[in-house]
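This is what each chain is made of:
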Amino acid sequence: MSPIAVVVLAAVIVLGAVFDPSGLAAPYTWTGADLLPVAGLWQVAALAVYVPLLLAGVGVLAWVVARGRAPLRTALLVWGAVVWSAMAAKLVMSLVMAFGDVVYLAWSTGFTGVKAAVFGLPVLAAAWLTQLLRRRPTPPPSSSASPGSGAGPAAASGAFFPRASGPGWVAAGVAMVLGASVGGVWWGGSPIGYAIGDSPLAPAPEAGPLGCLAAVTLLGVTTWALNRWLSATTSPRAVVAGISALGAAATLGLVEVAVGLPGDLAGGDTFWAPAIMLRLAPALSLGALLALATAALVALLPALLPAQRTALLPARKGVAFSAPIRMAVVVAAAALAVPLLQPGTTAAQPPRTKGLALSADRRIIDADGNEVLLRGVNVNQLEDYFQKFPDKAVTRPLTEADFAGMEQMGFNVIRLALSWSALEPQPGHYDPAYLARISWAVETAAKHGLRTVIDMHQDAWGKGVAAAPGTTCKNGSPMHGWDGAPTWADRFDGTPKCEFTGRDISPAVARAFTNFYQDRDGIQTRLVAAWGMLAERFANEPMVAGYDLLNEPGFGEAPPITSGVLLGRYYDRAIKAIRAGEKRGFPHLVFFEPSVLWSGLGFEVSVPKDFTDDRLLVFAPHLYNESITIDQGTGLTITSIERGFDLASRAAEYYGAGLWSGEWGWFGDPTSAPIAKYTDQEDRHRIGGAFWVWKQSCGDAHAGAESKTGGNLMIEDCATGKDLPPPPEYLAELSRPYPRSAPGRLTGLTSDQASLTAQGEGSGCGLDVWFPGSARPVVRSTGLTGVTARQAPGGWRITGCTRGAYTLTARR
């Protein structure tokens, strides 16, 4: 059995590596990178740690359990051994790659568990068939063997593997108490709690007392029942108890999938499909923890208790402790553990600043405490793109006329994309001319009432990912270059520069980001230092809204180790460098993003909750739902616009951060684009965002060779290079009315191209509402005084003072 299980599993690993070099679905990631030189153990952790431990764990456990005579039950034990071994091996590998953050890394092994349950199916089938072919008649029990003594049929297991007829209720008790203890971290308190944390059945506070108690009771009862059923295999009782606990946690995950299905089906999308994985993963990683604790305790019981009590509390003084009484005891213990052991949170008050800040309830506010909606556009005209088309400019010139045009549309912010390659063309050398262009852009934007979010932009790592001429690819097509990192920071290690289903899933991109996250040769340290330099330069600039630390970070070769723990560590280093650079000024907001997977899927396992102790944080995912997410090529919508906003809002709450959509748009044909659907959600959630993009050249790396026009808002004619009118559908929605700032807090907002209704509560004279068009708007209000409307470029600015609750309506 053991050799067969190992051989089948090895074959599955090899096939997965061949057909999925990304490792997102395969059990093992093989990007084709050179094995030598080895910069650190993390570089070979998958091959040298994960695969050997996985195969060894399955081999040992399969050998141990294969001595049973119940084919199906024995095969299920082998399957459970594959799942548990995969998660245990992944945890060890994770600690090698990113030592620390043990809870996050242990929790994240659940995604490996989900994959292992799938790639373990051939092992399950092989084990079952092998047991059927080798099945022998069961010999009569030996009269000289006493129950639980280890003699008779179970003796072949040896002294270290006592017979599995032992105490299922002990395993159940461990599962229940431990599940109640850590459930809050594993569900609502986890990095995907924003997506699944509202389950009415989970061992976590958000499920409520009854839902929590029901979940831990289900864990206990199922562990006990599985232990009793699997004991028929005569496999070692510690192994049976452990895999029973794992199976119980998996059962809880499946029940949660069923309970959450109505909500997952709502919304007209297919989010229910990834929700299965998102709900099963934490259950399986919890199960791995329960399996370890349960197996250890059951194995140690003979040593912990006197020999005459190894039967575990038999009848004493005429009283028999029946299974129902024992189960009632552990249910009561778990019920007591629920309120005592769940984690609590304490909200920290963000510091006040001369620039933008955050309120206690995570709204972006100005120095006077007015709520601010940052609505505007991305500007990519300072980017250093790869020259994809030799006869076309990669960007269009940035002039003051651009900022004047943005002002006329009512924008109050730009997200200014920078390129590290242009900023630091040589290590430690910052280009003064490029810095002057950045400063000019910030100053000129401010002249037109526009704040600036400084964005360290990249797409698919940088220019260096371009494949050499004549390159052929086994998977995908040869890549052209992109933008971002300077070539001196490239560390591809021989990985193929080929697009595997997309640019961001390229093996070369994954290896480059993995090296960056590991700070190989100090390349991450150089970017951290660059952030410190920029922060010092703009330390006293109130019109700099903040800093976006890295655009759509690559997920690396081992997500969520790379895209979670290691990305979070980079963020923390960059934030510390920024704060050090601001010592002679004041702190600015920090915008942080999940990995590029969020842009492609609409959700992601992001950085740990405690990745930094800084409180001026804004969560800034790119809400491309129903736009350029990867599902749109299939004709399906996994995550709808509405669900995308809800998930982003919950994720921001999880981090105690503000929320801002760093990029959105690119819907394709403006006449059929669901842009109004998007802007309605923006109003409902009372947040801002930056449309992609103001101007894009026909020579941009995103453009196609046959494109007749370039851009998404301000259009370029590729044949003449002249400007074309912006799509009226986009123009109408982007320039719609909105409160640029409002005293206190906004409590409601609805708008369209010709009307606005805003409600709020608070006192002050910071109300400033944008209204488009040349005709003076008709304004009605309650709770406001001194309301005036003055004409401004492209429209009107409505101002006034509030005291308490207020409502303002404006219409043409």
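Before reading further, recall that the structure is shown in the block above.
From a predicted model like this one, the values you see are computed outputs, not experimental measurements. (Residues numbered from 1 in each chain as written. Predicted model: local features only at pLDDT ≥ 70, side-chain atom pairs only at ≥ 80, totals over all residues. Heavy atoms only, no water.)

Focus on helix α4 (residues 102-119)
To keep things clear, this is the line we draw: Strands are runs of DSSP state E lasting at least two residues, helices are runs of H or I lasting at least four, and both sets are numbered from the N terminus onward. A helix is expected to span 1.5 Å multiplied by its residue count minus one. Consider a residue and the seven residues that end there alongside the seven that start there; fitting an axis to each set, the bend is the angle between those axes. Note on exposure labels: buried denotes an accessible area under 20% of the residue type's maximum, exposed denotes more than 50%, and partly exposed covers the range between, all computed with a 1.4 Å probe on protein chains only.
With 18 residues, α4 should cover 26 Å at 1.5 Å per step; its first-to-last C-alpha distance of 26 Å lies within 8% of that length. The sharpest bend along α4 reaches about 25 degrees and sits at Phe111. Summarising burial for α4: 13 of the 18 residues are buried, a large majority.

A few points about the packing of aromatic side chains
Basically, it comes down to this: Whether two aromatic rings pair depends on their centres lying within 6.5 Å, for rings of Phe, Tyr and Trp, where Trp uses its six-membered ring; planes under 30 degrees apart make the pair stacked, over 60 edge-to-face, and the rest tilted. Over a ring means this: the NZ of a Lys or the CZ of an Arg is within 6 Å of the ring centre and within 35 degrees of the ring normal.
Throughout the structure, instances matching the rule amount to 28 aromatic pairs. Centroid distance Trp664 to Phe691: 5.0 Å. Interplanar angle 80 degrees. Geometry classified as edge-to-face. Here the residue Trp664 occupies a position in strand β13 (residues 661-665), and Phe691 occupies one in strand β14 (residues 689-692), the gap between them amounting to 27 residues. Among the residues examined, Trp664 registers a relative accessible area of 2% and is labelled buried. Geometry around Trp482 places Arg503 over its ring, the cationic atom sitting 4.3 Å from the centre.

Examining the side chain of Arg520
The test is simple: Between N or O atoms, a polar contact is any pair within 3.5 Å; within protein, one atom must be a potential hydrogen donor and the other a potential acceptor, and residues adjacent in sequence are included only when both atoms are from side chains. Residues are treated as being in contact if the distance between any of their heavy atoms lies within 4.5 Å.
In this fold, Arg520 is placed in the loop between α15 (507-517) and α16 (523-537). In this structure the side chain of Arg520 is engaged in a polar contact, spanning 2.8 Å, whose partner is the side chain of Asp493. If near-sequence neighbours (up to four positions away) are discounted, Arg520 is found in contact with Ala39, Trp42, Gln43, Asp493 and Asn515.

Remarks on the sheet that holds strand β15 (residues 709-710)
This is how the line gets drawn: Strands pair, by our definition, only if DSSP identifies at least two bridges between them.
Taking strand neighbours across the sheet as the criterion, the three strands line up as β15-β16-β17 in an open arrangement whose pairing is antiparallel. With one partner strand each, in any of the chains shown, β15 and β17 (723-724) form the two edges of the open sheet. Where β15 meets strand β16 (residues 715-717), two bridges bridge the pair, whose relative direction is antiparallel. Residue Thr709 lies in a different strand from β16, and its bridge partner there is Asp717.

Regarding the pattern of salt bridges
Spelled out, the test is: By definition here, a salt bridge exists when the distance from a side-chain nitrogen of Lys or Arg to a carboxyl oxygen of Asp or Glu is within 4 Å.
Summed over the entire model, instances satisfying the criterion amount to 35 salt bridges. The salt bridge involving Lys695 is made with Asp402; its shortest N-O contact spans 2.8 Å. Of this pair, Lys695 sits in the loop between β14 and β15 while Asp402 sits in helix α12 (residues 400-408), and the two are 293 residues apart along the sequence. Assessed through its relative accessible area of 13%, Lys695 is described here as buried. On the accessibility criterion, Asp402 (2% relative accessible area) is buried. With a closest N to O distance of 3.3 Å, Arg745 and Glu761 form a salt bridge. Of the two residues, Arg745 sits in strand β19 (residues 745-752) while Glu761 sits in strand β20 (residues 755-761), which places them 16 residues apart along the sequence. Within this structure, Asp361, Arg363, Glu371, Arg745 and Glu761 form a network of salt bridges that share partners.

Read these as geometric descriptors, not functional statements.
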